[in-house]
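For reference, the chains in residue letters:
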Amino acid sequence: MGAMSARTPTSPETSAEPSEAPHRAGFACFVGRPNAGKSTLTNALVGQKVAITSSRPQTTRHTVRGIVHRPEAQLILVDTPGLHKPRTLLGERLNDVVRTTWAEVDVIGFCVPADQKLGPGDRFIAKELAGIRKTPKVALVTKTDLVDSRVLAEQLIAIDQLGKELGFEWAEIIPVSAVSGDQVELVADLLVPLLPESPPLYPEGDLTDEPEMVMVAELIREAALEGVRDELPHSIAVVVEEMLPREDRPADKPLLDIHANVYIERPSQKGIIIGPKGKRLKEVGTKSRKHIEALLGTPVFLDLHVKVAKDWQRDPKQLRKLGF
């Protein structure tokens, strides 16, 4: 598979001392249709769960940055919300966020799943990309573990053509499978040379600069979406009201109290989230608590409440309150 990459990174000239290679640091963002594998690839590159993954479109709302630390480079991944044709005020806000993010990053990775033919959604995004002249664009063919080499080759050719049609050249075309780990390292290898020379922008050990409360809210939201995909596609917002260490606990047995509200748009949706005898909400709590404990490295007591915020996706006041 390695041979499929547009090129392999060349090693620095052997005559030069290795330490002379300039350090590079910069921002990359992955774009693509919903469910094109952007968040999964971010997680694979960073090696830890930072962006939420869900097969629901438009579930990544916050710009979550994952950071890949290397001795010679620091690659900061900005996960923008998917670009889509807006139907609501929230949709328009998301698209504005996307365009400003694209203009500010050093390299854009366009993700296209290997197992789906290029569609109108891909063209819509590629066309937007063509308008951003200066930023190098890399095409990432994701989910290569789902197809054979013939289908993969066809997809690579189709993407190359798409760039030519729109009047630009991809800096790289890289097949990758985040799930099997195939070529994930190569993605970083090929993105790094496209970054500007710069000292590290974040301290070593930082994996994301999202405030922990936002990441906790995202994990709860991901758990709440699971299993109710069809009934409540995006009408769930989560706000963490407070995160406080429990008083009177011995230092070796800390406990973090987290109080969070799950907001839905209509009273009729309350039963869906809570489930018969509260079973569903309990499952959401148990599931998200495990992820939160793994993220924060401390035992957590999670207190979840479901509240109705009427039509929040269309109401600017509610949107502001819920952090959009």
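Residues numbered from 1 in each chain as written. Predicted model: local features only at pLDDT ≥ 70, side-chain atom pairs only at ≥ 80, totals over all residues. Heavy atoms only, no water.

(A) Geometry of the overall build of the protein chain. Counting its secondary structure elements, the protein chain contains nine helices and nine strands. When the 324 residues of the protein chain are sorted by exposure, 48% land in the buried category. For the protein chain, the proportion of contacts with a sequence separation of at least 24, taken over those separated by at least 6, is 72%. Put simply, the protein chain shows about 15900 Å² of open surface, and 54% of that area lies on carbon and sulfur atoms. (Helix = DSSP H or I, 4+ residues; strand = E, 2+ residues; numbered from the N terminus. Buried < 20%, exposed > 50% of the residue type's maximum accessible area, 1.4 Å probe, protein only. Contact = heavy atoms within 4.5 Å. Areas by Shrake-Rupley, 256 points an atom, 1.4 Å probe, with all protein chains shown as cover.)

(B) Geometry of helix α5 (residues 184–191). The buried count for α5 comes to six of eight residues, which makes it a mostly enclosed element. Every buried residue belonging to α5 is among V184, L186, V187, A188, L190 and L191, and all of these are buried.

(C) Local environment of the packing of helix α6 (residues 212–225) against helix α8 (residues 279–296). At a minimum axis separation of 8 Å, α6 and α8 run at an interaxial angle of 140°. Between α6 and α8 the crossing geometry is right-handed. Contacts from E212, M215, V216, L219, I220, A223 and A224 of α6 reach α8 at R280, V284, K287, S288, H291, I292, L295 and L296. Here the residues of the contact of α6 with α8 are counted per class, giving 10 nonpolar, two polar and three charged. (Axes fitted to C-alpha atoms, helices over the stretch in contact; angles between N-to-C directions. Left-handed = near helix turned anticlockwise from the far one by under 90°. Nonpolar A, V, L, I, M, F, W, Y, C, P; charged D, E, K, R; others polar.)

(D) Up close: helix α1 (residues 38–46). The element α1 is largely enclosed, with a buried count of seven among its nine residues. Taken residue by residue, α1 has K38, S39, L41, T42, N43, L45 and V46 as its buried positions. G47, located one to two residues past α1, shows a positive phi value of around 80°.

(E) Geometry of the sheet that holds strand β7 (residues 237–245). A sheet is described by the order of its strands in space; here three strands give the open sequence β7-β8-β9, paired in mixed fashion. Sheet topology places β7 and β9 (300–308) at the edges, where each strand pairs with a single neighbour. Neighbour to neighbour, the strand axes of the sheet diverge by 15° on average, direction disregarded. Here α8 sits on the sheet and contacts β7, β8 (256–264) and β9; the angle it forms with β9, its principal contact strand, is near 135°. (Pairing = 2+ DSSP bridges.)

(F) Up close: the side chain of D257. Summarising the element assignment, D257 is placed in strand β8. Classification of D257 as buried rests on a relative accessible area of 11%. Engagement of the side chain of D257 in a polar contact is seen with the side chain of R246, the distance being 2.6 Å. Excluding its chain neighbours within four sequence positions, the residues that come into contact with D257 are E242, M243, L244, R246 and F301. (Polar contact = N/O pair within 3.5 Å; in protein donor to acceptor, adjacent residues only side chain to side chain.)

(G) Spotlight on the pairing of strand β5 (residues 137–142). Summarising burial for β5: six of the six residues are buried, a large majority. The alternating pattern of β5 places K137, A139 and V141 on one face and V138, L140 and T142 on the opposite face, and all of these are buried. Examined bridge by bridge, strand β4 (residues 107–113) and β5 share six bridges and lie parallel to one another. Of the residues in β5, the one forming a bridge with F110 is A139. Considered for its hand, the β-α-β crossover made up of β4, helix α3 (residues 120–130) and β5 is right-handed. Looking at chain direction, β5 and strand β6 (residues 172–175) are connected through four bridges and run parallel. Its bridge partner lying in β6, V141 is registered against P175. You can see the chain leave β5, run along helix α4 (residues 149–165) and come back into β6, and the turn it takes is right-handed. (Right-handed = clockwise from strand over helix to strand, strands pointing away.)

(H) Representation of the packing of aromatic side chains in the model. Per the counting criterion, the structure on display carries two aromatic pairs. Relative to W170, the ring of F110 has its centre 5.6 Å away and its plane inclined at 10°; by these criteria the two rings are stacked. Residue F110 is located in strand β4, and its partner W170 is located in the loop between α4 and β6; the two are separated by 60 residues in the primary sequence. Of the two residues, F110 and W170, neither departs from the other in class, the shared state being buried. Here the aromatic rings of F168 and W170 are separated by 4.8 Å at their centres, their planes lie at 80°, and the arrangement is edge-to-face. As far as the burial class goes, F168 and W170 line up, both buried. Taken together through their ring pairs, the aromatic side chains of F110, F168 and W170 make up a single cluster. Sitting above the plane of the F168 ring, K137 keeps its charged end 5.4 Å from the centroid. Over the ring of F301 we find R246, and its NZ or CZ is 5.5 Å from the ring centre. (Phe/Tyr/Trp six-rings, centres within 6.5 Å; stacked < 30°, edge-to-face > 60°. Lys NZ or Arg CZ within 6 Å of the ring centre and 35° of its normal.)

(I) Focus on the state of the cysteines. Scanning the model with the defined rule gives zero disulfides in all. Cysteine C29 is unpaired, with the sulfur of C111 as its nearest cysteine sulfur at 9.4 Å. Classification of C29 by relative accessible area gives buried; the value is 0%. Residue classification places C111 among the buried residues on the basis of a relative accessible area of 0%. (Disulfide = S-S within 2.5 Å.)

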